[in-house]
Amino acid sequence: MLVMTRFVVDTADEAFVGRAHAALAALAACPGYLRGRLGRAFDDPAHWSIVTEWESVGSYRRALSNFDVKVHATPLLAQALDEPSAFEVLAECEPGGGLTVAASDRA
């Protein structure tokens with residue numbers, strides 16, 4: 001499962017990066033977390049994203065109930081753009097590898 005959360009941040013908000021680091025650390029401590037990244041757009045430094053990968057949608061949803069996530073990540077996530085952020089992975093390809101396609105879990 002892939003979670004992509006995008007932000008538009010006032011360039012004067014120097015605390016955003018620290019809050020994002022704390023949010024990633026809180027999420028990383030949760031079962032089912034696979035990896036996460038904080039990124040900023042090259043073309044417009046006000047645009048940021050946090051991308052995390054999870055074993056399952058259930059592990060991500062359980063992580064959102066974790067106390068440290070509620071303290072460190074939820075306030076930051078509330079600043080995100082109002083758009084879909086959770087995606088099921090339907091195909092992937094490792095470097096030099098073949099394409100792996102998965103069926104959707106949606107009913």
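Thresholds applied
- Residues numbered from 1 in each chain as written.
- Predicted model: local features only at pLDDT ≥ 70, side-chain atom pairs only at ≥ 80, totals over all residues.
- Heavy atoms only, no water.
- 1 Å grid on protein atoms, 1.4 Å probe; cavity = no way out; pocket = protein on both sides within 12 Å on 5 of 7 lines; lining within 4 Å.
- Points joined across faces, edges and corners; volume = space filled by probe spheres on them.
- Nonpolar A, V, L, I, M, F, W, Y, C, P; charged D, E, K, R; others polar.
- Helix = DSSP H or I, 4+ residues; strand = E, 2+ residues; numbered from the N terminus.
- Pairing = 2+ DSSP bridges.
- Contact = heavy atoms within 4.5 Å.
- Axes fitted to C-alpha atoms, helices over the stretch in contact; angles between N-to-C directions.
- Core = buried A, V, L, I, M, F, W, Y, C linked by side-chain atoms within 4.5 Å.
- Buried < 20%, exposed > 50% of the residue type's maximum accessible area, 1.4 Å probe, protein only.

## A closer look at the layout of surface pockets
Phase 1: Here the largest pocket defines a volume of roughly 310 Å³.
Phase 2: Taken together, 13 residues line the largest pocket, and the ones lying closest to its centre are V57, F87, E88, V89 and D105.
Phase 3: Class assignment of the residues belonging to the lining of the largest pocket gives a composition of seven nonpolar, one polar and five charged.
Phase 4: By volume, the second largest pocket amounts to about 150 Å³.
Phase 5: In this structure, the second largest pocket is lined by M1, L34, R35, E53, W54, V89, L90, A91, E92, T100, V101 and A102.
Phase 6: Broken down by secondary-structure element, the contributors of at least two residues to the lining of the second largest pocket are β2 (33-40), β3 (47-54), β5 (91-93) and β6 (99-101).
Phase 7: Looking at the lining of the second largest pocket, its residues break down into eight nonpolar, one polar and three charged.

## Some thoughts on the sheet that holds strand β4 (residues 86-87)
Phase 1: Overall, antiparallel pairing links the four strands, which are arranged β2-β3-β1-β4 in an open sheet. Taken across any chain shown, the strands that pair with only one partner, and hence form the sheet edges, are β2 and β4.
Phase 2: Summarising the sheet, strand β1 (residues 2-8) and β3 pair through seven bridges and their orientation is antiparallel. In the sheet register, T5 faces β3, and the bridge partner there is I50.
Phase 3: On top of the sheet, helix α1 (residues 16-28) reaches β1, β2 and β3; it is set at about 170° to β2, its chief contact.

## Some remarks on the nonpolar core
Phase 1: Counting residues in hydrophobic clusters, the biggest one holds 21 residues, and the most contacted among them are F7, F16, L27, I50, W54, V69 and L76.
Phase 2: Put simply, the parts of the chain that give this core at least two residues each are β1, α1, β3 and α2 (57-63).
Phase 3: Residues within four places of F7 in sequence aside, it is in contact with F16, A46, H47, W48, I50, L76, L77, Q79, A80 and L81.

## Remarks on empty space enclosed by the protein
Phase 1: Tallying each qualifying case throughout the model produces one cavity of 30 Å³ or more.
Phase 2: Around the largest cavity sit V3, T5, L27, I50, T52, Y60 and L77, which together line it.
Phase 3: Elements with a minimum of two residues in the lining of the largest cavity: β1 and β3.
Phase 4: Its residues assigned to classes, the lining of the largest cavity comprises five nonpolar, two polar and no charged.

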